[in-house]
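# Understanding the architecture of this molecule
If you want the building blocks of each chain, they are given just below.
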Amino acid sequence: TFVLDIRTATPHFPGIGRYLAGLTPALAAQLAPDERLLLLGADTAQAAQFEHLLTPDARVSICYVPASPFSLSQQWQVPQALRKVAASGEPLVYHSPYYLMSYRPAAPTVLTVYDLIPILLPDAATARARLLFRLTHRLAWRAARQIIAISATTANDLATIFGVDRRHITVIPLGVDAHFHPQPLSERERVRSVYGLPISFLLYVGINKPHKNLVNLLEAYAQLSSQTPPLVIAGAWDRRYPEAMQAANRLQLADRVRFLGPAPESDLPGLYSAATLFVFPSRYEGFGLPVLEAMACGTPVACSSASSLPEVAEDAALYFDPMQPASIAQTLQSLLDDDALRCRLAGKGEQRARQFTWARTASATLAVYRKAVS
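Residues numbered from 1 in each chain as written. Predicted model: local features only at pLDDT ≥ 70, side-chain atom pairs only at ≥ 80, totals over all residues. Heavy atoms only, no water.

## Brief notes about the overall build of the chain
Rules: A run of DSSP states H or I qualifies as a helix once it reaches four residues; a run of E qualifies as a strand once it reaches two. Both are numbered from the N-terminal end. We compute the radius of gyration from the C-alpha atoms alone; for a globule the expected value is 2.2 Å times N to the 0.38, where N is the number of residues. Exposure classes here rest on a 1.4 Å probe applied to the protein chains alone. A residue is buried below 20% of its type maximum, exposed above 50%, and partly exposed in between. Here, residues are in contact when the closest pair of their heavy atoms is within 4.5 Å. A 1.4 Å probe and the Shrake-Rupley method give the accessible areas. Residues count as covered only by the protein chains that appear here. Positive: Lys, Arg. Negative: Asp, Glu. His and the chain ends are not part of the count. Where a charge lies is defined by one atom per residue type, namely NZ (Lys), CZ (Arg), CG (Asp) and CD (Glu).
Across its full length, the chain holds 15 helices and 13 strands. Its C-alpha radius of gyration of 21 Å places the chain within 12% of the 21 Å reference for a compact globule of 374 residues. Taking the principal axes of its C-alpha atoms as reference, the chain extends roughly 70 × 45 × 35 Å. Burial statistics for the chain: of 374 residues in total, 55% are counted as buried. A fraction of 69% describes how many contacts in the chain between residues 6 or more apart in sequence connect residues 24 or more apart. As presented, the chain carries roughly 16,000 Å² of accessible surface, and 55% of it is formed by carbon and sulfur atoms. In the chain, 34 positive and 30 negative side-chain charges are present, and the distance between their average locations comes to 7 Å.

What follows is the structure in structure tokens.
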């Protein structure tokens, strides 16, 4: 029995939620005849999005632990639930997609690690948050028999900074959802109409946290001609970080930059497809899923040369130094000026994105489960 903890499939964890939403059905589809998948949820409402996967023969089933990943009670409630499952005598593996977990889970454990941003970028978290991050990660790594890293960058950081044995780390890239593909003209026009967007615009999709580097993006955009298509910034907005909006006002870009806030998942393929180019200036990414989504939609990509992004995009993107606004501006201008280059990158991006599927992610994840149980 493979127990997948889905308690973080909530809006509070948008990235992990997308990971679980993509991975879970792909796991269910690839189980061997003698294998079962048990989803560990917090409550019926939170787990409703997975109910369509449940099977009458209980090969895919669900149980509940009424404790959030932030609660102390999970330290005994999760092991209790796992012991009940193990009482049947079947081999058991527990997969936690988050480092706040039960640190003595009473079963061989697999842990997914995404990035080490609070450690690598000290300005991204308070001193207290960094200390807690270090402590809880060490507890999680010691509890885990196998670790899944979503990129080679994250795996190398785990090994070099924290001394995690590379033999216990498996790199398994994320997948891109099938609905991310070039959209027809009608869908692009619908999205432009919904958001009041022009025919040509530059697009960023992601949250506004400091490591996303939006201030440098705005500094770069301010260096471009006033005739440059508008910059559209879409994604969840954390009110703790108003610097991007402040920079737009300081640089007198209010009439050239649009802050859309979070866009529904159903609008994202059309938004990517309608954009003239996609720009992603992040200082650090464990993976960089928006880059992959944009490429899958046939949108040319300009992105940071930092961390995992070259690993994901390879030669299907144009790169810049995220710490140098002049480098960002020059890269954007060269892409805007060259129709043939944009067309070439769009084609390469679609080809590259096809290599990242949730089926591949699930197949590699099941191999880790089987290794852990053996």
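## Points about the environment of Thr44
With respect to the secondary-structure elements, Thr44 resides in helix α2 (residues 44–47). Each C-alpha atom, one on Thr44 and one on Ile233, is 34 Å from the other, the two residues being 189 residues apart in sequence.

## Describing the packing of helix α8 (residues 214–222) against helix α9 (residues 243–250)
The line we're drawing: Axis definition: a line fitted to C-alpha atoms, limited for helices to the stretch in contact. Angles are taken between N-to-C directions and run from 0 to 180 degrees. In these notes the angle categories are as follows: under 35 degrees is roughly parallel, over 145 is roughly antiparallel, 65 to 115 is roughly perpendicular, and the rest is oblique. Crossing handedness follows the turn of the near helix against the far one: under a right angle anticlockwise gives a left-handed crossing, and clockwise gives a right-handed one.
Following both chains from N to C, one finds α8 and α9 inclined at 20°, their axes separated by 8 Å at the closest point. Classified by the interaxial angle, the pair formed by α8 and α9 is roughly parallel. In this structure, α8 meets α9 at a crossing whose hand is right-handed. Two secondary-structure elements touch here, α8 through Leu214, Val215, Leu218 and Glu219 and α9 through Glu243, Ala244, Ala247, Ala248 and Arg250.

## Brief notes about the sheet that holds strand β2 (residues 37–41)
Note the following rule: Think of it this way: DSSP has to see at least two bridges between two strands before they count as a pair.
Read from one edge of the open sheet, seven strands run β3-β2-β1-β4-β5-β6-β7, paired in parallel fashion. In this open sheet, the two strands that pair with only one neighbour each are β3 (60–64) and β7 (169–171). Strand-to-strand, the axes of this sheet are offset by a mean angle of 25°, without reference to chain direction. The pairing of strand β5 (residues 109–113) with strand β6 (residues 146–149) spans four bridges and is parallel. Along β6, the bridge assignment pairs Leu111 with Ile147.

## A short note on unusual backbone geometry
The phi angle at Ser307 is positive, at roughly 50°, despite the residue not being glycine. Tracing the backbone through its elements, the reader meets Ser307 in the loop between β12 (301–304) and α12 (309–313). Assessed through its relative accessible area of 26%, Ser307 is described here as partly exposed.

## Examining the pairing of strand β11 (residues 277–280)
Here β11 shows two buried faces, one formed by Leu277 and Val279 and the other by Phe278 and Phe280. Two strands pair when backbone bridges link them, and strand β8 (residues 202–205) and β11 are joined in this way by two bridges, in the parallel orientation. Along β11, the bridge assignment pairs Leu203 with Phe278. Sheet topology note: the β11/β12 ladder contains three bridges and is parallel.

## Thoughts on the pairing of strand β4 (residues 93–96)
Side-chain alternation along β4 places Val93 and His95 on one buried face and Tyr94 and Ser96 on a second face that is also buried. For strand β1 (residues 2–5) and β4, the ladder comprises three bridges, and the chain directions are parallel. The partner of Phe2 across the bridge, within β4, is Val93. Across three bridges, the pairing between β4 and β5 is parallel.

## Quick word on the pattern of salt bridges
Going by this rule: The term salt bridge refers to a pairing of a side-chain nitrogen on Lys or Arg with a carboxyl oxygen on Asp or Glu at a separation within 4 Å.
All chains considered together, the criterion is met by 15 salt bridges. Across the pair Arg167 and Asp165 runs a salt bridge whose closest N-O atoms are separated by 2.7 Å. Judged by relative accessible area, Asp165 falls into the partly exposed class, the value being 28%. Across the salt bridge formed by Glu285 and Lys212, the nearest N and O atoms sit 2.7 Å from each other. Of this pair, Glu285 sits in the loop between β11 and α11 (289–296) while Lys212 sits in the loop between β8 and α8; the two residues are 73 residues apart in sequence, bridging distant segments of the chain. We note that Glu285, like Lys212, is buried. Among the charged side chains, a network of salt bridges with common partners joins Arg18, Glu265 and Glu293.

## Overview of the environment of Arg239
Looking at the secondary structure, you find Arg239 in the loop between β9 (231–234) and α9. Residue Arg239 is classed as exposed on the basis of its relative accessible area, which comes to 75%. The spacing of Arg239 and Ser61 is 178 residues in sequence and 38 Å in space, taken between C-alpha atoms.

## Some thoughts on the packing of aromatic side chains
Condition: Aromatic rings from Phe, Tyr and Trp, with only the six-membered ring used for Trp, were paired whenever their centres fell within 6.5 Å, and each pair was classed as stacked if the ring planes differed by under 30 degrees, edge-to-face if by over 60, and tilted otherwise.
A complete count under the given rule lists 14 aromatic pairs for this structure. Ring geometry for Phe13 versus Phe70: centroids 5.6 Å apart, planes at 15°, classification stacked. Here Phe70 lies in the loop between β3 and α3 (74–86) and Phe13 lies in the loop between β1 and α1 (14–29), a separation of 57 residues in the sequence. Considering the side-chain rings of Phe180 and Tyr272, the 5.9 Å spacing of their centres and the 65° angle between planes classify their relative orientation as edge-to-face. With Phe180 in the loop between β7 and α7 (185–195) and Tyr272 in helix α10 (residues 268–274), this pair connects stretches of sequence that are 92 residues apart. A relative accessible area of 4% means that Phe180 is categorised as buried. A relative accessible area of 1% means that Tyr272 is categorised as buried. Counting every residue linked through ring pairs, the aromatic cluster contains Phe13, Phe70, Tyr98, Tyr99 and Phe133.

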